[in-house]
Structure formats: structure tokens, C-alpha cells
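What follows is the residue order along each chain.
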Amino acid sequence: QVQLVESGGGSVQSGGSLRLSCAASGYTYSNYCMGWFRQAPGKEREGVAAIQSDGNTNYADAVKGRFTISHDNFKNTLNLQMNSLKPEDTAMYYCADRFSSCWVAWKYGYMLNRNEYNYWGQGTQVTVSS
């Protein structure tokens, strides 16, 4: 049914850029609540950025000013532009869809909480070397 497929990962040098994409299929819902998460070896999955259909966004402190999340309504695709990449950005990046309104998650400050999302992609690897 619902399927999320990430793409755009790869290996780059420190300071480089990558653009991740997440194609959503199996449903059409204009009032979306989606986000990007990442997980490095030995660490828990952490929220990177989230976006609501009203355009409001949330970013982890570690990526503010470097990453930009966006949503293409026509293509039903979630994107993450990553600039000035650092070795510490190395991780498996996952696309997530709450498949519900962001209102409750926003109210309780859970927009970057992985437990608030119901559907996940398979992940795409991002490796940044120095």
C-alpha cells in the first residue's frame, strides 16, 4: 500500500552537497506531515528535519543553516538539500511519513521524534569523508 522510496545518497567529501529525495506512492494526501531521520552506527535514529503541509519546518540543531527540507506537491516527493556536509553527517537517512495531521506532534514538540511517524522508507546511505 503506502511506500516510501529514498534516493540520492552517496559518498562525498567534507564540504560537499547532496540532495535526497523520497518518492511517496500508494496514497494521495495534501495535508502531509513528513520528515527525515538518520541513524549512524552505534547510535539511535534521530530526527533531522520535518515539514508540514502549511510550510512550517523543524530542524535539528546540528543541521540548521546547512540542510533544507522541502516538499514537491505535484510529484508527491519529499526532498532534503544537504550542504556543507561534515563527516559527522555520515549515516543512513530515512524518509518518514506520519500519515496524519502534524497538529498533535507540533503541540507536544514531537516533530522530530521518530515515534510520531508511522511509515518509513528503506533508507539511503550518506557517507562524508574528510
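Residues numbered from 1 in each chain as written. Predicted model: local features only at pLDDT ≥ 70, side-chain atom pairs only at ≥ 80, totals over all residues. Heavy atoms only, no water.

1. Re the state of the cysteines
Right, on to step 1. Counted according to the given criterion, the structure contains two disulfides.
Right, on to step 2. In this model C22 forms its disulfide with C95; the gap between the sulfur atoms is 2.0 Å. Taking the torsion about the sulfur-sulfur bond, which here is approximately -75°, the covalent link between C22 and C95 counts as left-handed. A residue pair is termed long-range when its members are at least 10 positions apart, and C22 in strand 3 (residues 18-25) and C95 in strand 9 (residues 91-97) qualify at 73 residues. Judged on exposure class, the residue C22 and its partner C95 are both buried.
Right, on to step 3. What pairs with C33 in a disulfide is C102, and their sulfur atoms sit 1.9 Å apart. On the sign convention where negative means left-handed, the S-S torsion of about 120° between C33 and C102 marks this disulfide as right-handed. (Disulfide = S-S within 2.5 Å. Helix = DSSP H or I, 4+ residues; strand = E, 2+ residues; numbered from the N terminus. Buried < 20%, exposed > 50% of the residue type's maximum accessible area, 1.4 Å probe, protein only.)

2. Considering the nonpolar core
Right, on to step 1. In this structure, W36, V48, F67, L78, L80, M82 and Y93 are the most contacted members of the largest nonpolar core, which totals 26 residues.
Right, on to step 2. Going through the elements one at a time, strand 3, strand 4 (33-39), strand 5 (46-52), strand 7 (67-72), strand 8 (77-82), strand 9 and strand 11 (124-129) are the ones with two or more residues in this core.
Right, on to step 3. Here the element with the most residues in this core is strand 3; it accounts for four residues.
Right, on to step 4. Setting aside residues no more than four positions away along its own chain, L80 makes contact with L18, R19, L20, W36, V48, A49, F67, T68, I69 and Y93. (Core = buried A, V, L, I, M, F, W, Y, C linked by side-chain atoms within 4.5 Å. Contact = heavy atoms within 4.5 Å.)

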